[in-house]
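Here is how the chains run, residue by residue.
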Amino acid sequence: MARTNLWLFWGFWAVLGFLWLALNRGIFSPTSGFALRDPMMQFSGTLAMSAMSVAMMLSLRPRWPEVWLDGLDKMYRLHKWLGIGTLGLVIYHWLWSEGPKWAVGFGFLGRPSRGPRPEITDPVQRALLNFRGTAEGLGQWAYYALVALLLIALVKLIPYRWFRYSHRLMPFIYLVLVFHTVILLDYGMWLTPLGPILAGLMFAGSYAALASLFGRIGAGRRVVGEIAEMRHYPGVRSLEAVVKLGPGWPGHEAGQFAFATSNPIEGAHPYTIASAWNPADPMVTFIAKELGDHTTGLVDRLKVGQQITVEGPYGRFTFDDGRPQQIWVGAGIGITPFIARLKEMAALEPGSPRPEIDLFHTTREVDESALERLAADAYAANVRLHLLVDAKHGKLTGGRIREAVPNWSEASLWFCGPVGFGAALRSDFAAQGFPVEGRFHRELFELR
Ligand SMILES: Cc1cc2nc3c(=O)[nH]c(=O)nc-3n(C[C@H](O)[C@H](O)[C@H](O)COP(=O)(O)OP(=O)(O)OC[C@H]3O[C@@H](n4cnc5c(N)ncnc54)[C@H](O)[C@@H]3O)c2cc1C
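Computed from a predicted structure; not experimentally measured. (Residues numbered from 1 in each chain as written. Predicted model: local features only at pLDDT ≥ 70, side-chain atom pairs only at ≥ 80, totals over all residues.)

1. Describing the site of the ligand
Put simply, the rule is: To decide whether a residue is near a molecule or strand, its C-beta atom is placed from the backbone and checked for lying within 6 Å of it. Each helix corresponds to a stretch of at least 4 residues labelled H or I by DSSP, and each strand to a stretch of at least 2 residues labelled E; elements are numbered beginning at the N terminus. Amino acid classes used here: Ala, Val, Leu, Ile, Met, Phe, Trp, Tyr, Cys and Pro are nonpolar; Asp, Glu, Lys and Arg are charged; the rest, including Gly, are polar. An automatic or database domain assignment provides the domain bounds reported here.
In the vicinity of the ligand lie 25 residues, with Thr 272, Gly 292, His 294, Thr 295 and Thr 336 positioned nearest. Elements with a minimum of two residues in the shell around the ligand: helix H7 (160-167), strand E4 (269-272) and strand E5 (283-289). Counting residues per element, the shell around the ligand draws most heavily on E4, which supplies 4 residues. Grouping the amino acids of the shell around the ligand by side-chain chemistry returns 11 nonpolar, 7 polar and 7 charged. For the shell around the ligand, the domains that each give at least three residues are domain 1 (3-213) and domain 2 (219-314).

2. Re the sheet that holds strand E11 (residues 440-443)
Test applied: DSSP bridges decide pairing: two strands pair if at least two such bridges lie between them. To get an axis, fit a line to the C-alpha atoms, keeping to the stretch in contact for a helix; angles then go from 0 to 180 degrees between the N-to-C directions.
With parallel pairing, 5 strands are arranged side by side in an open sheet as E9-E8-E7-E10-E11. Strands at the two margins of the open sheet, each flanked by one partner only, are strand E9 (384-389) and E11. Neighbour-to-neighbour, the strand axes of this sheet turn through a mean angle of 15 degrees, independent of strand direction. Relative to E11, strand E10 (residues 412-416) runs parallel, the two sharing 4 bridges. Bridge assignment links Cys 416 to a residue of E11, and that residue is Glu 443.

3. Considering the environment of Gln 326
Rule in force here: For every residue, the other C-beta atoms within 10 Å of its own C-beta are counted; 20 or more classify it as buried, 12 or fewer as exposed, and values in between as partly exposed. C-beta atoms are placed from the backbone. Here, residues touch in the contact sense if the C-beta positions derived from the backbone fall within 7 Å of one another.
Among the structural elements, Gln 326 can be located in strand E7 (residues 325-331). You can call Gln 326 buried: it has 22 C-beta atoms within 10 Å. On a C-alpha basis, the gap between Gln 326 and Ile 357 in space is 4.9 Å, while along the polypeptide they are 31 residues apart. Non-local contacts of Gln 326, meaning those with residues more than four positions away in its chain, are made with Phe 319, Pro 355, Ile 357, Ala 411, Ser 412 and Trp 414.

4. Some remarks on the nonpolar core
Selection criterion: Here a nonpolar core is just a set of buried residues of the types Ala, Val, Leu, Ile, Met, Phe, Trp, Tyr and Cys, joined wherever their C-beta atoms sit within 7 Å.
Formed by 91 residues in total, the largest nonpolar core has its most connected members in Met 52, Tyr 174, Ala 258, Phe 286, Trp 328, Val 329 and Leu 413. It is helix H2 (residues 37-58) that contributes the most residues to this core, 10 residues altogether. Filtering out sequence-adjacent residues up to four positions away, Val 329 remains in contact with Phe 360, Leu 413, Phe 415, Gly 417 and Leu 425.

5. Side note on the packing of H2 against helix H4 (residues 72-105)
So the rule is basically this: Angles below 35 degrees are treated as roughly parallel, those above 145 as roughly antiparallel, those between 65 and 115 as roughly perpendicular, and all remaining angles as oblique. Each helix crossing is assigned a hand: it is left-handed if the near helix lies turned anticlockwise from the far helix by less than a right angle, otherwise right-handed if that turn is clockwise.
Two elements in contact, H2 and H4, have axes separated by 8 Å at closest approach and are oriented at 160 degrees. With respect to their mutual orientation, H2 and H4 come out roughly antiparallel. Like other packed secondary-structure pairs, H2 and H4 cross with a definite hand, here left-handed. The residue makeup of the contact of H2 with H4, split by class, is 17 nonpolar, 8 polar and 1 charged.

6. A closer look at the sheet that holds strand E1 (residues 222-233)
Here we have 6 strands laid out as an open sheet, ordered E4-E3-E6-E1-E2-E5, and antiparallel in their pairing. The strands lining the two open edges of the sheet, one partner per strand, are E4 and E5. Looking at each pair of strands side by side, their axes are set apart by 40 degrees on average, direction ignored. Relative to E4, strand E3 (residues 257-261) is paired through 4 bridges, and the arrangement is antiparallel. Of the residues in E4, the one forming a bridge with Phe 259 is Pro 270.

7. A few points about the domain arrangement of the protein
By domain assignment, the protein separates into domain 1 (3-213), domain 2 (219-314) and domain 3 (325-443). Computed from C-alpha coordinates alone, the two centres of domain 1 and domain 2 are separated by 38 Å. Facing 8 residues of domain 1, the contacting portion of domain 2 comprises 4 residues. Of the residues forming the side of domain 1 that touches domain 2, the biggest block, 3 residues, is contributed by H7. Among the residues forming the side of domain 1 that touches domain 2, the class breakdown is 2 nonpolar, 1 polar and 5 charged.

8. Thoughts on unusual backbone geometry
Pro 313 follows Gly 312 through a cis peptide bond whose omega is 0 degrees. In this structure, Arg 61 takes a positive phi of about 55 degrees despite not being glycine. Along the chain, Arg 61 turns up in the loop between H2 and helix H3 (66-69). A positive phi angle, close to 50 degrees, is found at Arg 237, a residue other than glycine. With respect to the element layout, Arg 237 can be found in the loop between E1 and strand E2 (238-245).

9. A short note on the pairing of E10
Of all 5 residues in E10, 5 are buried; the element is thus mostly enclosed. Where burial is concerned, the two faces of E10 agree: the one with Ser 412, Trp 414 and Cys 416 and the one with Leu 413 and Phe 415 are both buried. Bridge count between E7 and E10: 5 bridges; the pairing is parallel. Across the sheet, Gly 330 pairs through a bridge with Cys 416, a residue of E10.

10. Focus on the pairing of E7
Side chains on a regular strand alternate between the two faces of the sheet. Basically, it comes down to this: Handedness is read with the strands pointing away from the viewer; a crossover is right-handed when the path from the first strand over the helix to the second is clockwise.
In terms of residue burial, E7 counts as a mostly covered element, since 6 of its 7 residues are buried. As defined by bridge partners, E7 adjoins strand E8 (residues 356-363) across 7 bridges and the pair is classed as parallel. The residue bridging Gly 330 from the neighbouring strand is His 361, located in E8. With respect to chirality, the unit in which E7 leads through helix H11 (residues 336-346) into the neighbouring parallel E8 is right-handed.

Dropping the structure here:
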């Protein structure tokens, strides 16, 4: 995670955790093991619902936080980490719910004597109490479903389509858990500063959940277009499609991406826009590599004239850091954002300010016509192209980049390609004292 996102992630838990502890100091002097059960469930439940609410809001794909959170791809990573935190917390919550009962059953703990319950005079609290049994029962089922859905989402061995279809149930589970929380949250907590915070989070999360259930995520950012041209690059198993856009597209910057839907049952897939924006000729180009179920065979399924829905643009991989020198590394299909920028630069007025650029393209597979087009784009943009075919030139390393670009320490580095390769280059440059936090930019080609 980028540093800001890391701070936000840990800051979120710290602020809410400390606030809860400050309001529930009795937890530090429990009278028995059983006396901890309720507060521990309240604590874990409050944090888990807060995290889920933020994750729900992020799933709305809001564009305004992209500047701070470094693009939608990083926001989805934050969403994923909030999901991991939620998974840990709900398991903890469940263990505190069931564990003490098991301990009583096995004779390790005595059943606590509750004494008479105080009479409840507050009408709202009394009304909430009527739903207690329902909320507990529903909460238990929602818990099992939530754990299953989170495991499907997090275990990458499980096919992506299982994750995608099952994840559509998440907003429903979330709404059940909102009901569970509203009824079962310690009533006194609503009247503390934590009450309005949790209520606000759950209100926003419920709005996001309903938007998701009614298919409204990104609805205002969808434009219908039509495939105007297609080109196949069999050597690299990729298909280029030029989509002529209908009215409504706000324009995009080179390096941004969009969600494209060619088949509503399949749903939207993210692709980098591999073309520069020209309002006089509103179109976007996508280059899709055959990487799985949907992308394999696209070349036979798509037709010129076919409608495509395009949603976006998203992302902050936009090359606008003002450095005098930039190093670009596009590995395999990770070349697409650089193609867009090459096209944009070729159209710049002569004499416009621009950095010196070295573009490294590494590839395992070869398609001569794709490479010729890339070389022509690099030439037109006045960018030095370093082409490395794995079998012929070996792997690209940080050392090879630094050798080819003597003033690398003044540059920024823009990387798009396999996650492991990006991580290795980042730590290699960091070990050389390169300020990776501010100057190593990465586009993540995965949202899971
Ligand atoms: C920001 C971004 C930009 C991308 N740009 C390009 C590009 O320019 N060219 C290109 O070829 N690929 C690009 N990808 C990857 C592309 O989205 C996936 O290769 C494609 O969706 C694979 O779908 P599949 O059903 O064929 O593969 P599957 O076998 O189902 O999945 C392969 C992998 O693709 C990803 N994936 C599948 N479906 C989706 C989906 N609906 N949403 C998000 N990820 C999904 C998953 O990580 C999965 O593990 C980009 C991805 C992201 C996140």
